[in-house]
Amino acid sequence: MSYQGVRSVGNALGGDRALVIDDAVDLAVSTDPLVLSLVVLAVLGAVFGGWWLVRWVRRPPGTRLKRVLASYDDVAVLMHPNPDPDAMACAMGVAEIADAVDTDATLQYSGEIRHQENRAFRTVLDLDLETVESSSDLAADAVVLVDHNTPRGFTGAQTVEPVVVVDHHPGNGAGTAFTDVRPDYGAASTIIVEYLEDMGATMADDDDDESEGGFEISSDLATGLLYGIQSDTNNLTKGCSKAEFDACAFLFPGIDEDDLDRIANPQVSDDVLQIKAKAITEKRVEGSFATCDVGTINNVDAIPQAADELMHLEGVTAVVVYGENDGTLHLSGRSRDDRVHMGETLRHVVSDIPMANAGGHARMGGGQLSVEHMRGIGPSDGLTCVELEDRLFAAMAGDRS
């Protein structure tokens, strides 16, 4: 390459890169032409190598996830215990991405699907889901966690090291190959939608040509993801970011409105209505806060539904409903009070009770604690339900003592 040719390369790259090449040329031009060539090759290699490195690092998350899934023959897509529409929709999305790279995906969960809305979601969208009671039941060594970031709810969960984690809940869980946790998002389904957009996916009934990657979003998947977003944000009214609205707009052309209506309006069982009625009639209200012990229950999913009902009461800005099932006290809280971070409130209330856990977002939270440990088994002094409610009211009022 001639001297002027090297100068032209420098000018084409522009700015600081041109100055670097000019300096290298000035240093080498009076020497052997071979040295000049080596200098040019070294500089060009560094420049273009850096450019490719930046491109590699800045690959969209959806593209990176697709590459990770492609490296496995099969994966187990694991939802949190008692999966809700957001978790199931995320699992559907990951399974579709896996299928696009010829990776078999098995959708699994521990616990039960009890909430009528969740059961309708599974039935209407005809989901093939498998249950997990121990780590040996996992369908593959490669585990993908969706809508939670730490395996839980089955024997040996603590030994599972997921390769992928996709979630919107706060936590320290991570995947060995891919981690995407966004607590500022209202739903994990929103993250999956962005992955699909990264892949250039289109709706199956779109009049345009097939997407660049040959990936089409089925009506079931579009409907599931949209409902997953709606359910976790109370119809786009709680905990939303701009991303939720953008995702819904992207999905809207592909949804099945009849299926959406069937999922959103399932029949309600008598026990759920009874628990809601008890929460309304037997609530304890102090100022703008309310709590209620709904007693021993068979349907744990009725507790958050009862909490939602209490939030409709005029003048009430934060509520916690709790009830006992099989020796465990389940708590569910809701808040529309800027002073009350519900996840932190519940975490504080149970912090000194052995075998208890709680947390969540600012607007909603949940927790579980052993009734025996709450009553004094272990190092704690013991707590009655009335004292628990006193703690709840104090914590909602900002007392962290």
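Taking an unreviewed UniProt entry as the reference, the protein chain is identified by name as NanoRNase/pAp phosphatase, hydrolyzes c-di-AMP and oligoRNAs belonging to Halostagnicola kamekurae.

A.B. asks: I keep staring at the overall build of the protein chain and nothing clicks. Help me out?
C.D. replies: When you go through the protein chain residue by residue, the secondary structure sums to 15 helices and 14 strands. Across the 401 residues of the protein chain, 49% fall into the buried class. Of the contacts made within the protein chain by residues no fewer than 6 positions apart, 60% connect residues no fewer than 24 positions apart. Counting every atom, the protein chain has about 19,400 Å² of accessible surface; 48% of that belongs to carbon and sulfur.

A.B. asks: How should the sheet that holds strand S12 (residues 328–335) be read in this particular structure?
C.D. replies: By definition, the strands of a sheet pair up through backbone hydrogen bonds, in either a parallel or an antiparallel sense. Here 6 strands make up an open sheet; going across it, the order is S9-S10-S11-S12-S14-S13 and the pairing mixed. Either end of the sheet is taken by a strand with one partner, and the two such strands are strand S9 (284–286) and strand S13 (357–360). In this sheet, adjacent strand axes meet at a mean angle of 15° when their direction is disregarded. In this structure, strand S11 (residues 318–325) lies alongside S12, joined through 8 bridges in antiparallel fashion. Note that in S12 the partner of Asn325 across the bridge is Thr328.

A.B. asks: What is the right way to look at the pairing of strand S4 (residues 143–146) in this model?
C.D. replies: Every regular strand shows the same layout, with side chains that alternate between the two sheet faces. Here S4 shows no split at all, with Val143 and Leu145 on one side and Val144 and Val146 on the other all buried. Looking at chain direction, S4 and strand S5 (residues 164–167) are connected through 3 bridges and run parallel. Considered in S5, the bridge of Leu145 is made with Val165.

A.B. asks: Whenever I open this one, the environment of Lys283 confuses me. Can you help?
C.D. replies: Within the secondary structure, Lys283 sits in the loop between helix H11 (270–281) and S9. Given the relative accessible area of 31%, Lys283 is considered partly exposed. Discounting residues that sit within four places of it in the chain, Lys283 has contacts with Lys278, Thr291, Cys292, Leu310 and Leu313. Of note is the side chain of Lys283, whose polar atom sits 2.8 Å from the backbone oxygen of Ile280.

A.B. asks: I keep staring at helix H9 (residues 242–251) and nothing clicks. Help me out?
C.D. replies: Of the residues making up H9, those classed as buried are Ala243, Glu244, Ala247, Cys248 and Leu251. Looking straight down H9, one finds that the buried residues subtend no more than 135° of arc, so they occupy a single side. The exposed residues of H9 that point more than 90 degrees off its buried face are Lys242 and Ala249. In this fold, the buried residues of H9 make contact with helix H7 (188–198), strand S7 (202–203) and helix H8 (219–232).

A.B. asks: What's the story with the pattern of salt bridges in this structure? I'm lost.
C.D. replies: Pairing is possible between side chains of opposite charge, provided their charged atoms come close. Enumeration according to the criterion identifies 15 salt bridges in this entry. The partner of Glu194 in a salt bridge is Arg182, with the nearest N and O atoms 2.7 Å apart. Highlighted residues: Glu194 in helix H7 and Arg182 in the loop between strand S6 (178–181) and H7, separated in sequence by 12 residues. For Glu194, a relative accessible area of 22% puts it in the partly exposed group. Measuring nitrogen to oxygen at the nearest pair gives 3.1 Å for the salt bridge that ties Arg284 to Glu389. In this pair, Arg284 is assigned in strand S9 and Glu389 in helix H15 (residues 385–396), connecting sequence segments 105 residues apart. Classification of Arg284 by relative accessible area gives partly exposed; the value is 25%. Salt bridges linked by common partners bring Arg284, Glu286, Glu389 and Asp390 together as one network.

Analysis parameters
- Residues numbered from 1 in each chain as written.
- Predicted model: local features only at pLDDT ≥ 70, side-chain atom pairs only at ≥ 80, totals over all residues.
- Heavy atoms only, no water.
- Helix = DSSP H or I, 4+ residues; strand = E, 2+ residues; numbered from the N terminus.
- Buried < 20%, exposed > 50% of the residue type's maximum accessible area, 1.4 Å probe, protein only.
- Contact = heavy atoms within 4.5 Å.
- Areas by Shrake-Rupley, 256 points an atom, 1.4 Å probe, with all protein chains shown as cover.
- Pairing = 2+ DSSP bridges.
- Axes fitted to C-alpha atoms, helices over the stretch in contact; angles between N-to-C directions.
- Polar contact = N/O pair within 3.5 Å; in protein donor to acceptor, adjacent residues only side chain to side chain.
- Arc of directions from axis to C-beta.
- Salt bridge = Lys/Arg side-chain N within 4 Å of Asp/Glu carboxyl O.

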